[in-house]
Amino acid sequence: MIEGNDLFGKTIQCSCGRMHQITPNKVFYEEDAISFIQETLTGLTSAKRVAVIMDVRTRAAAGGGIVEHLKLNDWLVHEVVLTDPADGESPVCDDRTKERLQSEIPAQHVIIPVGGGVMTDLGKWIAFDRGIPFITFATAASMNGYASANVAPTVKGIKSLIRARPPEAIFSRPSVLMDAPWELTASGLGDIIAKSVSSADWFLNHFLFDDYFCERSVGLIADIEPLYFDHPEALNAGDPGSIKALFMGLLLTGVSMTMAESSAPSSGGEHMVSHTLDMMSSVDGIPHDLHGRQVGIGTILASELYRRVLAIDSPDWKSPPSRIDAPFWGYLSGNINEQYDRKQERLQKAEEVLSERKQWDELRTRIQPVLRAPGDVKDCLQRAGAAYRAEDIGCGEERILAAFRHAHEIRSRFTVLDLAYLLGIMPKAAEEIVEEWV
Ligand SMILES: [Zn+2]
Ligand SMILES: [Zn+2]
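Remember, predicted model here, so these are calculated numbers, not experimental data.

Another point: the overall build of the protein chain. Within the protein chain, the secondary structure is distributed over 20 helices and 12 strands. Taking 22 Å as the expected radius of gyration for a compact globule of 438 residues, we find that the protein chain reaches 21 Å, a close match to that expectation. When the backbone C-alpha atoms are referred to their principal axes, the protein chain occupies close to 70 × 45 × 40 Å. Put simply, the protein chain has 438 residues, and 56% of those count as buried. At a minimum sequence separation of 6, the contacts of the protein chain that also span at least 24 residues come to 78%.

Structure below.
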């Protein structure tokens with residue numbers, strides 16, 4: 001069976017020097033998962049009061065059954081069903097929604113989000129603010145946040161990252177994940193396929209700046225990956241083993257972020273391309289696609305950029321752009337400027353370290369094995385029937401190119417995007433890669 005499942009709830013003394021407490025404590029992935037909820041809740045509260053957060057779709061998929069089951073067992077259940085905003089969009093995780101739920105959900109209620117990224121994040125955020133434990137019911141293998149400590153809300157229009165706590169336990173049902181809309185599962189594949197680039201970027205920061213790095217957390221999904229990566233069509237066909245592998249892989253990449261106390265293991269330059277698309281949306285109002293669908297395409301772009309970077313034998317180091325493209329960012333430029341300013345020191349240090357010929361060669365040798373060829377990434381997404389072209393995520397060539405070129409500005413985190421600027425191959429490489437690859 002899948003080994004990762006044995007890890008939950010364990011404490012590991014790791015060779016990285018840290019003691020890792022692997023949370024959540026338990027994962028129930030079975031058809032009668034609901035029947036284990038009560039027992040778990042009893043360990044968390046004596047009040048027998050819960051608030052179940054869901055939207056209309058996740059209520060139909062699982063939430064309604066959970067509410068009914070708990071009521072039958074004498075739990076006082078406060079149901080929160082988020083309706084779709086009038087514009088035809090789905091509910092979002094932002095400061096306004098969270099404040100509304102905060103005032104609506106009575107104290108002393110254990111919180112159970114039922115859904116994907118948005119419901120999970122809202123529940124995790126509120127539980128963290130209240131200092132209470134929570135459990136999650138997953139309705140789609142759509143993203144890696146179920147088991148992570150992170151919440152990724154929009155606060156005052158800006159995509160943010162808040163450190164919270166993982167759930168005590170995660171529940172899901174194979175048939176619910178198999179019946180989830182395909183674009184959600186495809187989004188999960190896009191999110192997890194980022195792993196090769198984000199691991200490489202994480203190692204890059206370790207190599208250059210001596211940042212914390214843990215081999216074990218990088219290798220957590222090594223055994224699981226081939227189960228979906230080598231047979232992407234099976235995922236699309238709803239093969240139970242592939243869906244389970246993807247779901248467990250997503251949970252474990254969430255765990256790796258908790259182990260690292262950072263999103264770095266699962267979020268590098270490829271994620272920054274996706275975040276940039278989200279931010280462009282909030283500036284110009286043009287809708288963006290699902291997180292993982294954008295990340296998948298970001299991974300194709302970043303993988304090819306890495307290939308070009310590592311192919312350089314004798315680098316000719318250039319000064320990176322000293323400032324951001326403020327007019328492009330509109331009302332977000334102040335915040336983005338701050339992020340980019342904070343990176344300046346790292347840009348200088350990176351050039352200093354890598355100017356030594358030996359260091360450059362060593363970095364290339366050590367990063368290469370972590371990466372996947374861009375063609376393999378694209379092939380997997382394409383065979384799965386996931387988004388692999390700019391048009392699949394509603395972008396023309398110009399929009400995806402703008403995101404690729406500007407993505408290095410949005411965070412202080414150093415990635416392959418910065419390395420490519422230091423090597424002088426960006427932004428020219430971006431034009432070629434977009435034209436050739438997506
Ligand atoms: Zn470790
Ligand atoms: Zn992600």
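Continuing now.
Attention shifts here to the coordination of the zinc ion (ligand 1). In a perfect tetrahedron of four donors around a metal, the angles come out at 109.5 degrees. In a perfect octahedron of six, they are 90 or 180 degrees. Of the protein atoms, only Cys 14 (SG), Cys 16 (SG), His 20 (NE2) and Cys 214 (SG) coordinate the zinc ion (ligand 1), at distances of 2.1 to 2.3 Å. Within one chain, the residues donating to the zinc ion (ligand 1) are spaced in sequence as C-x1-C-x3-H-x193-C. Given a relative accessible area of 24%, Cys 16 falls into the partly exposed group. On the basis of relative accessibility, which here comes to 2%, the residue His 20 falls in the buried class.

A contiguous patch of negative charge on the surface is contributed by Glu 397, Glu 398, Glu 431 and Glu 435. Every element with two or more residues in the negative patch is listed here: helix 18 (397–406) and helix 20 (428–437). Tracing the backbone shows Glu 398 in helix 18.

Turning our attention to the pattern of salt bridges. The full count for this structure, using the stated rule, is 24 salt bridges. One salt bridge in this structure joins Asp 392 and Arg 389, with 3.0 Å as the shortest N-O distance. A cluster of three or more residues bridged by salt bridges with shared partners is formed by Glu 304, Arg 307, Arg 308, Lys 428, Glu 432 and Glu 436.

Quick look at the pairing of strand 5 (residues 76–82) now. Where strand 4 (residues 49–55) meets strand 5, seven bridges bridge the pair, whose relative direction is parallel. Bridging from a neighbouring strand, Asp 55 pairs with Leu 82 of strand 5. With helix 2 (residues 56–72) bridging strand 4 and its parallel neighbour strand 5, the resulting β-α-β unit is right-handed.

Let's shift gears to the packing of helix 13 (residues 291–310) against helix 20. At a closest axis distance of 10 Å, the pairing of helix 13 and helix 20 adopts a crossing angle of 125°. Taken together, the axis directions place helix 13 and helix 20 in an arrangement best described as oblique. In the packing of helix 13 onto helix 20, the handedness of the crossing is right-handed. Contacts between helix 13 and helix 20 involve Ile 300, Leu 301, Glu 304, Leu 305 and Arg 308 from the former and Ala 429, Glu 432, Ile 433, Val 434, Glu 436 and Trp 437 from the latter. Residue classes in the contact of helix 13 with helix 20 are distributed as seven nonpolar, no polar and four charged.

The rules behind each value
Residues numbered from 1 in each chain as written. Chains lettered and ligands numbered in written order. Predicted model: local features only at pLDDT ≥ 70, side-chain atom pairs only at ≥ 80, totals over all residues. Heavy atoms only, no water. Helix = DSSP H or I, 4+ residues; strand = E, 2+ residues; numbered from the N terminus. Rg over C-alpha atoms; globule rule 2.2 N^0.38 Å. Buried < 20%, exposed > 50% of the residue type's maximum accessible area, 1.4 Å probe, protein only. Contact = heavy atoms within 4.5 Å. Donors = N, O, S within 2.8 Å, 3.2 Å for Na, K, Ca; no water. Patch = residues over 30% accessible without salt bridge, like charges linked within 9 Å, V, L, I, M, F, W, Y side chains within 5 Å. Areas by Shrake-Rupley, 256 points an atom, 1.4 Å probe, with all protein chains shown as cover. Salt bridge = Lys/Arg side-chain N within 4 Å of Asp/Glu carboxyl O. Lys, Arg positive; Asp, Glu negative; His and termini not counted. Charge placed at Lys NZ, Arg CZ, Asp CG, Glu CD. Pairing = 2+ DSSP bridges. Right-handed = clockwise from strand over helix to strand, strands pointing away. Axes fitted to C-alpha atoms, helices over the stretch in contact; angles between N-to-C directions. Parallel < 35°, antiparallel > 145°, perpendicular 65-115°, else oblique. Left-handed = near helix turned anticlockwise from the far one by under 90°. Nonpolar A, V, L, I, M, F, W, Y, C, P; charged D, E, K, R; others polar.

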